[in-house]
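# Descriptive analysis of the structure
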Amino acid sequence: MIAVEVVTVTDQLRDGYDVVVVGGGAAGLSGALMLARARRSVVVIDAGAPRNAPAAGVHGLLARDGIGPVELLERGRAEVRGYGAQVVPGEVDAVAREDNGFAVALADGRTVRARRMLAATGLTDELPDIPGLRARWGRDVVHCPYCHGWEVRDRAIGVLANGPLAVHQALLFRQWSADVTLFSHTMAPPAGEEAEQMAARGISVVDGEVAALEIVEDRLVGVRRGDGTVVSREVLAISSRMAARTGFLAALGLRPAEHPGGMGEHIPSDATGRTEVPGVWVAGNVTDLAAQVGTAAAAGAAAAAQINADLVAEDTRQAVAAHRDPLTRVRSASGEQVTGGRRHGR
Ligand SMILES: Cc1cc2nc3c(=O)[nH]c(=O)nc-3n(C[C@H](O)[C@H](O)[C@H](O)COP(=O)(O)OP(=O)(O)OC[C@H]3O[C@@H](n4cnc5c(N)ncnc54)[C@H](O)[C@@H]3O)c2cc1C
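Another point: the overall build of the protein. Scanning the protein from N- to C-terminus turns up seven helices and 19 strands. Considering only intrachain contacts with a sequence separation of at least 6, the fraction spanning at least 24 residues in the protein is 58%. Split by element, the accessible area of the protein, about 17,300 Å² in all, is 53% carbon and sulfur.

Here is the structure:
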C-alpha cells in the first residue's frame, strides 16, 4: 500500500507575504481579515492556545454572546481563509529584520518572510500558587466580572486579596452578588476608608492566608485557611499577573515594559498599535492587558488599517521612483509591462 501524505494547501508557506500575523486569536484574526480584504497577502501563524480556552463561553460579545471560544476562532479562521489568507498552525520562535521586512522563524524550522508584522500573541495569566486553584481557572476561579459576573450572580463569592486591586475587585463583584467575602490572604486586611466601604457594602473580611481550595464532585465548595477552617464559597475571584507573550520579539529590541496599572507586562504602542520598531504593530492582550475579545478584535482591525496604509505609502514611493526612472519609461513605451511597486498577493 502506498502511503499518501495529505498536506492542506493552507499549511504550505510561500516565499514572501505583505504581512505576517503572529497569533491567531481575536486580535490576530481580525487584523488578518481586514488585511486580506485589502488584497494584501497575509499569513497567520498560530500556536492555538487562546487565553480564554478554559472558559465555556465568550460573554459580552455583541451578537455572539456566549459562543464557545473554540467555535468563535473556527469561524474567524474560515472568514479569513475565505479571502485567500493563510492560517497556519505553528509557534514563532524568533524574528529578524531583513532589508525588505522581517524573517520570522518557526519552532519547527520553517521561515516566513513578510514586509510588515502584526504581533497578536496575547498574554499568559500567572496564577496564585494555591493548591487546587489552577484546575478551576476559568470555571469557578475567575478574574473578570464582565466575563463571568452574570454567570455567578447571587452565588457565594470569595475574593482573594493577592494584589493591590483586591478591594476594588470585591466592590465590583458585590454588583453581582450580595454574598461576597474578601480573603486578605497575603495582603493587609482593609483599614480606614476601605474597611468602612467593606462594612457598608456588607462584604465580610476573612483574615489570614488561604491554604487550598475545597473541591467536591468537580465543584468549588470552600476556601481552606491556614488554620484548617473552611469558609464555604462557590466561586473565587482572583487577580492574575499578566505577562505578554513576547519572547520572539526580543531580537528586534522590542521588550515588554511594566504596565502603568501594575497589572503585569505589555508591549507599549500608540493608539493604533504601532510600536517603536518600524514595521511592527501589536494588537490585543499583548499590548492592552485589559482588552476583552471585542476590544482585541477592534484593535486588530485598527492596526490592520494602519499597516495597509503604511504599505500603500511604500508601494506609492516605489511606483513614483520607477515612474521617474527613464529606463522604466522606455520599457513602458515599448509595451513591456512595468509595475511600480512590488506586487504581492493574487
Ligand atoms: C478564563 C478567561 C475567560 C475569559 N472570558 C472572556 C469573556 O467571556 N469575554 C471576553 O470578551 N473576554 C474574555 N476573556 C479575555 C479574552 O481571553 C481576551 O480578551 C482575548 O483572548 C484576547 O485576544 P488576543 O487575540 O489578544 O489573545 P489570545 O486570544 O490569547 O490569542 C493569542 C494567540 O496567539 C498564539 N500565540 C502566542 N504566542 C505565539 C507564538 N510565539 N507563535 C504563534 N502563536 C502564538 C496563542 O496560542 C493564541 O492562539 C477571558 C479570559 C480568561 C483568562
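From this point, the discussion proceeds with the structure in view.
Examined against the element boundaries, D108 turns out to sit in the loop between β5 (101-106) and β6 (111-119). Once the C-alpha coordinates of D108 and V221 are considered, the two residues, 113 residues apart in sequence, prove to be 43 Å apart.

Another point: the site of the ligand. Close to the ligand lie 38 residues; D46, A49, H59, V92 and A291 are nearest. A distance of 2.8 Å separates a nitrogen atom of the ligand from a polar backbone atom of V92. The fraction of the free accessible surface of the ligand (1,000 Å²) that becomes covered by protein chains is 97%. Elements with a minimum of two residues in the shell around the ligand: α1 (26-37), β2 (42-46), α3 (145-148) and α6 (293-324). Each residue belonging to the shell around the ligand can be placed in one class, and the counts come to 17 nonpolar, 16 polar and five charged. Summarising the domain contributions, the shell around the ligand has at least three residues from each of domain 1 (9-125 + 241-324) and domain 2 (128-237).

Before going further, it helps to examine helix α2 (residues 69-82). Spanning 14 residues, α2 covers 20 Å between terminal C-alpha atoms, matching the ideal 20 Å at 1.5 Å per step. Residues of α2 that are buried: P69, L72, L73, G76 and V80. Across the axial projection of α2, the buried residues extend over an arc of 90 degrees, all falling on one side. Those residues of α2 that are exposed and angled more than 90 degrees off the buried face are V70 and G82. Buried residues along α2 sit in contact with α1, β3 (86-89) and α6.

Glancing now at the side chain of H148. Examined against the element boundaries, H148 turns out to sit in helix α3. A residue is classified by how much of its surface remains accessible, and H148, at 13% relative accessible area, is buried. In contact with H148, other than residues within four places in its own chain, are G138, V142 and H143.

With five of six residues buried, β5 is to be regarded as a mostly interior element. The pairing of strand β4 (residues 92-98) with β5 spans six bridges and is classified as antiparallel. Looking at β5, one finds that R97 is bridged to F102. The turn linking β4 back onto β5 is made up of two residues. Relative to β6, β5 runs antiparallel, the two sharing four bridges. Paired with F102 across the bridge in β6 is A114.

Another aspect to go through is the pairing of strand β12 (residues 210-216). As paired elements, β12 and strand β13 (residues 219-225) share six bridges and run antiparallel to each other. Among the inter-strand pairings, L213 is bridged to a residue of β13, identified as V223. The antiparallel pairing of β12 with β13 creates a hairpin that spans two residues between the two strands, and E217 there sits at a positive phi of about 50 degrees.

The subject of this paragraph is the sheet that holds strand β17 (residues 257-258). By definition, the strands of a sheet pair up through backbone hydrogen bonds, in either a parallel or an antiparallel sense. The sheet built from four strands is open, its strands ordered β7-β16-β18-β17 with mixed pairing. With one partner strand each, in any of the chains shown, β7 (123-126) and β17 form the two edges of the open sheet. Here β7 runs beside strand β16 (residues 241-244); their pairing, made up of four bridges, is antiparallel. In the sheet register, L123 faces β16, and the bridge partner there is A244.

What follows concerns unusual backbone geometry. In this model, H185 sits at a positive phi of 50 degrees, which is unusual for a non-glycine residue. A relative accessible area of 11% means that H185 is categorised as buried. In this structure, E217 takes a positive phi of about 50 degrees despite not being glycine. Here E217 lies in the loop between β12 and β13.

A complete count under the given rule lists two aromatic pairs for this structure. Each ring, one from Y146 and one from W176, has its centre 5.7 Å from the other, and the planes form 85 degrees; the classification is edge-to-face. Of this pair, Y146 sits in helix α3 while W176 is found in the loop between α4 (166-173) and β10 (180-183), placing the two residues 30 residues apart along the sequence. Seen in terms of ring centroids, F173 and W176 are 6.5 Å apart; in terms of plane orientation they differ by 55 degrees. Their pairing is tilted. W176 carries the same exposure label as F173, and that label is buried. Pairwise contacts between aromatic rings join Y146, F173 and W176 into one cluster. Above the ring of W150, the side-chain terminus of R153 is found at 4.1 Å from the ring centroid.

Reading the values: rules and limits
Residues numbered from 1 in each chain as written. Predicted model: local features only at pLDDT ≥ 70, side-chain atom pairs only at ≥ 80, totals over all residues. Heavy atoms only, no water. Helix = DSSP H or I, 4+ residues; strand = E, 2+ residues; numbered from the N terminus. Contact = heavy atoms within 4.5 Å. Areas by Shrake-Rupley, 256 points an atom, 1.4 Å probe, with all protein chains shown as cover. Near = heavy atom within 4 Å. Polar contact = N/O pair within 3.5 Å; in protein donor to acceptor, adjacent residues only side chain to side chain. Nonpolar A, V, L, I, M, F, W, Y, C, P; charged D, E, K, R; others polar. Domains from an automatic or database assignment. Expected span 1.5 Å × (residues − 1). Buried < 20%, exposed > 50% of the residue type's maximum accessible area, 1.4 Å probe, protein only. Arc of directions from axis to C-beta. Pairing = 2+ DSSP bridges. Phe/Tyr/Trp six-rings, centres within 6.5 Å; stacked < 30°, edge-to-face > 60°. Lys NZ or Arg CZ within 6 Å of the ring centre and 35° of its normal.

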